Amino acid sequence: MATTITTPFLLLLVLFILINSISIPSFSCPLHQKQALLNIKSNFTTFFNVSPSDFDPFQSWSPNSDCCSWSRVSCSESATVTRLNFSNIMPSYHNPASAFFDIFTPLFHIRSLEKLDISSNYLVGEVPGDGFRNLTQLHHFDLSFNGFNGSIPYQIFRLTNLRYLDTSLNSFEGKLGPEIGKLQNLESLHLIRNSLTGNIPEEIGNLTKLRRLNLAANHFSGGIPCSIASMKDLEEVDFTFNSLSMKIPTGIGGLPNITILALQDNELTGPIPASIQNLSTLVTLRLQNNKLSGEIPTRIFNITTLNYFSIGGKESKLIWNNKAKIFSKGRLTEISMPSCEISGQIPEWISSNTRLQYLDLSGNKLEGPFPNWLAEMDLNTIILFHNKLTGSIPQHLFESTQLHVLHLSRNNFSGELPENIGNATDMEYLMLSGNNFSGQIPISISNMWDLKLLDLSTNKFSGDNFPDFSNNFNLIYLDVSYNKFSGKILTNFPPFIEVLYLGGNEFSGHLPWNLRKLLSLKHLDLHDNNITGYFQDPRSSSFSLGNNSFIGFIPTTISNFTNVRILDLSGNKLTGSIPLEIANLTRMIEPPIHMSTSGSIFDDTRRIRGSYFGNYVRFDIEDLIVNWKNNFQGISSHSLDIYSLLDLSNNRISGGIPASLGNLKSLKVLNISNNMISGHIPLSFGNLKGIESLDLSHNKISGSIPKSLEKLDGLGILDVSNNKLTGKIPMGGHMSTMDDSKYFVNNSGLCGMQVKITCPEDIPPLEGREEPEDDEKLSWIFWVGTWIGFPIGFFSSILIMGYFLNFLLLFKLW
């Protein structure tokens, strides 16, 4: 029987054959790209010794799967790798700053790469440039938040397809060359917080598509290039924290799309261009801390989009027109106008800005009371220090749940603090120093759980009932110095306190032992109180206990104070000798590693609208009083960790000066004056490389001043007066500039230029260098005369005697 094949079946068969005959492409990534990525994974796991239980950002990267399906990898429709996101992949448990870019060098084989992000890792070293010649398709490159150094590879500036480049928060150095102008497709350029130097090249004006330009926190100098006026697409310009000088180009006022113009903390001069008032889209204007001059244009406040406004500052010569009528549009979130010559009462037009959060009118000439309308505005930050404001603080101010910063120091406020002060529970920084506040500190102040810094110094607060801060875990800076507090030293301190200033009060009794429990304590000041008992270690890196009544010896265990950089025991009743162990204070031997303290608790930097440097509060408080260069002055809170001082003056210390003190090479000040110290000045003092002031006066020191002191280039004051020193005062090096005789008076026999007494060895001969030759001639004539005169005189005597004998004989005959 013949088999009949139906038409539908034949159609299905044909369709099946056709489908199977069509070549369907494979959508897996190319093998060489997969291998490059696997090499990156191998480099990572080998370098960090990653185990299966560890965090592994490449866990899904299997040789048996398509690399386009792996995490942190994106591919195009044709299955080629186009995007790699390696941001924040370094394991947090590993020691930071130890990996190099070499881990990622296999990616240079992926020529189709368009976006590469290796930000927020701990990568260090230089970035290799040669491989970038392969990445011609790259349009997004982010290597920010690492530790790269060296120069930015010039090969990067040949990637003409780049639209986004971010090298921020690294340590790149060198100049930004004209090759930057070749990146004509660039839309965002961020080089924030590096060490780039030189001028901003005029070629940057070639980047006509650029919308965001951020060069903040580098070392750029020179002027802002005038070519910036041609960059009409610019929306954000941030040049803050550089060394830019000269005038602001008027062409900046012709950028129609600008929203952020941040030029603060430079050295710009001249007036504010009137053209800036025409920037109708401006949201942020920051010109603070420059050297600008002239009258502040008030029409700026007519810009309806303006939210953030900062001007004036420490070196500014700008002047505010106090008669101007301001019609603010009420949109301002920030008003910062320090040192702008604003006088009279706090301007009431500020109250129309109902969105206001930040107000800084410090360093002006404001008078009158703290206005009630300001207390009711519910601001985040109020900074009015260094004015002439009077009266009391309104109670309503502390009912705010938004107030974080209140800085009213150096005014003429008076009265008692409101009892409800503790209701401002979100307060972080409260500074009321340098006023006339009196009474007790309200107990409720300890309810400020978020408080980090409290400064009530230099007022008239009194009493012995002090608030209990033992549960304030955030409070790390407490200053109540220069008031009238009495009673025993407090014991209810914050557990993590770092800076504690109690000097200039009337505290009495012994130093409490519980200070040793404050393991975070770095700086302790108890000078000018009535504290008694034996000196003990308070476990801090600097402490001032001067002008109290401590007794006994300086303990030999002082060598255990390994963190001490500032030690002031002056003005007590200490006896005995200077222990040899004092020369083992490690922090006084080694120079400081960091010469700045930026980023400390006294800096409050906020990021606003994409800018890394928004409004910021820097609290520079000088309250650690020391005797430096014969003047009592305060050490800035920012300098405490880089300053080294040893002051044992005005005690009853005897014995000699240990030669080992010469090991303290980091010392800036050494003062052992007004004691009963004897012996000689050690030759080793010539090793005190960092010394600026050396005071040995009013002791019983004898011998000569060592010539080794001539090597001390930084020595500004050497006081050896009122001792028993003799000999010539050294003249070499910096010693030749010390011509003030008061630092050398009342010694037994000092001589030299400094005291205007000629030393015996410096007295010239009476008749010059030929005097010895003349003496020899006189001596020869004398001896020749003697030899000639002797025989003549002898025979003459015989003749004379014979004559007289004959004369006598004749007389006898008569």
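A quick note: this is a predicted structure, and the numbers were derived from the prediction, not measured. (Residues numbered from 1 in each chain as written. Predicted model: local features only at pLDDT ≥ 70, side-chain atom pairs only at ≥ 80, totals over all residues. Heavy atoms only, no water.)

**Re the overall build of the protein**
Put simply, the rule is: By the criteria applied, helices consist of DSSP H or I runs no shorter than four residues and strands consist of E runs no shorter than two, each listed in order from the N terminus. Exposure classes here rest on a 1.4 Å probe applied to the protein chains alone. A residue is buried below 20% of its type maximum, exposed above 50%, and partly exposed in between. Residues count as neighbours in contact if any of their non-hydrogen atoms are within 4.5 Å of one another. Using a 1.4 Å probe, the Shrake-Rupley method yields the accessible areas, and only the shown protein chains count as cover for residues.
Tallying secondary structure elements over the protein gives five helices and 56 strands in all. Within the protein, the proportion of its 814 residues that are buried is 51%. Once local pairs closer than 6 in sequence are excluded, the contacts in the protein between residues at least 24 apart make up 50%. Per element, the accessible surface of the protein, about 37800 Å² overall, is 54% carbon and sulfur.

**Description of the state of the cysteines**
Two cysteines form a disulfide when their sulfur atoms are joined by a covalent bond. Spelled out, the test is: Here, a disulfide means two cysteine sulfur atoms that sit within 2.5 Å of each other.
Using the criterion set out here, one finds three disulfides in the structure. Described in terms of the sequence order of its bonded cysteines, the disulfide pattern of the protein is 1-2, 3-4, 5-6.

**Topic: the nonpolar core**
Test applied: Nine residue types can take part in a nonpolar core, namely buried Ala, Val, Leu, Ile, Met, Phe, Trp, Tyr and Cys, and a core is a set of them joined through side-chain atoms within 4.5 Å.
Counting residues in hydrophobic clusters, the biggest one holds 195 residues, and the most contacted among them are Phe86 and Met337. Elements supplying a minimum of two residues to this core: helix H2 (31-48), strand S2 (81-85), helix H3 (372-375) and strand S54 (717-719). No other element matches the six residues that H2 contributes to this core. Excluding residues within four positions of it along the chain, phenylalanine 86 makes contact with Ile40, Phe58, Trp61, Arg72, Phe104, Leu107, Leu116, Asp117, Ile118, Ser119 and Asn121. Counting residues in hydrophobic clusters, the runner-up holds nine residues, among them Val405, Tyr429, Leu453 and Val499.

**As for the sheet that holds strand S3 (residues 99-100)**
Quick note on the threshold: Two strands qualify as a pair provided DSSP detects at least 2 bridges between them.
Overall, parallel pairing links the three strands, which are arranged S3-S5-S7 in an open sheet. The open sheet is flanked by S3 and strand S7 (147-148), the only strands paired with a single partner. By the bridge criterion, two bridges tie S3 to strand S5 (residues 123-125) in an arrangement that is parallel. Residue alanine 99 lies in a different strand from S5, and its bridge partner there is leucine 123.

**Some remarks on the pattern of salt bridges**
The cut-off we apply is this: For salt bridges, the criterion is a side-chain nitrogen of Lys or Arg within 4 Å of an Asp or Glu carboxyl oxygen.
Overall, the coordinates contain 13 salt bridges when judged by the stated rule. A salt bridge links lysine 728 to aspartate 762; its shortest N-O distance comes to 3.2 Å. In this pair, lysine 728 sits in strand S55 (residues 724-728) while aspartate 762 sits in the loop between strand S56 (749-751) and helix H5 (771-813), placing the two residues 34 residues apart along the sequence. Judged by its relative accessible area of 35%, lysine 728 is partly exposed. A relative accessible area of 38% places aspartate 762 in the partly exposed class.

**Brief notes about the pairing of strand S39 (residues 530-534)**
As paired elements, strand S37 (residues 506-510) and S39 share three bridges and run parallel to each other. Pairing of glycine 509 across the sheet is with isoleucine 531, part of S39. Pairing geometry for S39 and strand S41 (residues 549-553), over three bridges, is parallel. Along S41, the bridge assignment pairs glycine 533 with phenylalanine 550.

**Details of the sheet that holds strand S17 (residues 269-270)**
Taking strand neighbours across the sheet as the criterion, the three strands line up as S17-S19-S21 in an open arrangement whose pairing is parallel. The sheet terminates laterally at S17 and strand S21 (317-319), the two strands that pair on one side only. Inspection of the sheet shows S17 paired to strand S19 (residues 291-295) by two bridges, in the parallel sense. Its bridge partner being in S19, glycine 270 is matched across the sheet by leucine 292.

**Let's talk about the environment of leucine 648**
Within the secondary structure, leucine 648 sits in the loop between strand S48 (645-647) and strand S49 (654-655). Judged by relative accessible area, leucine 648 falls into the buried class, the value being 2%. In this structure the C-alpha to C-alpha distance between leucine 648 and asparagine 674, which are 26 residues apart in sequence, comes to 9.0 Å. Sequence-distant contacts of leucine 648, that is, excluding residues within four places in its chain, are made with Ile554, Leu569, Ser570, Ile578, Ile582, Ile653, Asn671, Ile672 and Asn675.

**Examining the pairing of strand S33 (residues 460-463)**
Pairing geometry for strand S31 (residues 436-439) and S33, over two bridges, is parallel. Within S33, the position partnered with glycine 439 by the bridge is phenylalanine 461. Here S33 pairs with strand S35 (residues 484-488) via two bridges, running parallel. Within S35, the residue paired with glycine 463 across the bridge is phenylalanine 485.

**Comments concerning the packing of aromatic side chains**
What characterises a pair of aromatic rings is the spacing of the ring centres plus the angle enclosed by the ring planes. Stated formally: Side-chain rings of Phe, Tyr and Trp, where Trp is taken by its six-membered ring, are said to pair if the distance between their centres is within 6.5 Å; with planes under 30 degrees apart they count as stacked, over 60 as edge-to-face, and otherwise as tilted.
This model, assessed by the stated rule, comprises 27 aromatic pairs. For the pair phenylalanine 44 and phenylalanine 58, a centre-to-centre distance of 5.2 Å together with 80 degrees between the ring planes defines the contact as edge-to-face. Separated by 14 residues along the polypeptide, phenylalanine 44 in helix H2 and phenylalanine 58 in the loop between H2 and strand S1 (73-75) bring together distant segments of the chain. With respect to class, phenylalanine 44 is no different from phenylalanine 58; both count as buried.

**A look at H2**
Under the convention used in this document: Expected helix span is given by 1.5 Å per residue-to-residue step, counting one fewer step than there are residues.
Compared with an ideal rise of 1.5 Å per residue, which puts 18 residues at 26 Å, H2 spans 26 Å between its outermost C-alpha atoms and is within 8% of the ideal. Lining the buried residues of H2 we find S1, S2 and S3. Once H2 finishes, asparagine 49 follows within two positions and takes phi at roughly 55 degrees, a positive value.

**Considerations on the environment of leucine 356**
Relative to the assigned elements, leucine 356 resides in the loop between strand S23 (343-344) and strand S24 (358-360). Not counting residues within four places of it along the chain, the set of residues in contact with leucine 356 comprises Leu332, Thr333, Glu334, Ile335, Ile350, Met377 and Leu379.

**Considerations on unusual backbone geometry**
Although it is not a glycine, histidine 698 adopts a positive phi angle of roughly 55 degrees. With respect to the helices and strands, the residue histidine 698 is situated in the loop between strand S52 (693-695) and strand S53 (700-703). Unusually for a residue other than glycine, lysine 756 sits at a positive phi of about 60 degrees.

**As for the confidence of the model for the protein**
Detailed conclusions should not be drawn from predicted coordinates in areas where pLDDT is low. In plain terms, the rule: The pLDDT value expresses, per residue, how confident the predictor is, ranging between 0 and 100.
The share of residues in the protein with pLDDT of 70 or more is 83%, and the mean pLDDT across the chain is 86. pLDDT under 50 marks residues 628-633. Its contacts with residues more than four places away, or in other chains, come to 19 contacts. Taken as a whole, residues 769-788 scores under 50 in pLDDT and shows three contacts with residues more than four places along the chain or in a different chain.

**So, the environment of serine 42**
With respect to the helices and strands, the residue serine 42 is situated in helix H2. Taking C-alpha positions, serine 42 is 8.8 Å from isoleucine 103, a pair spaced 61 residues apart along the chain.

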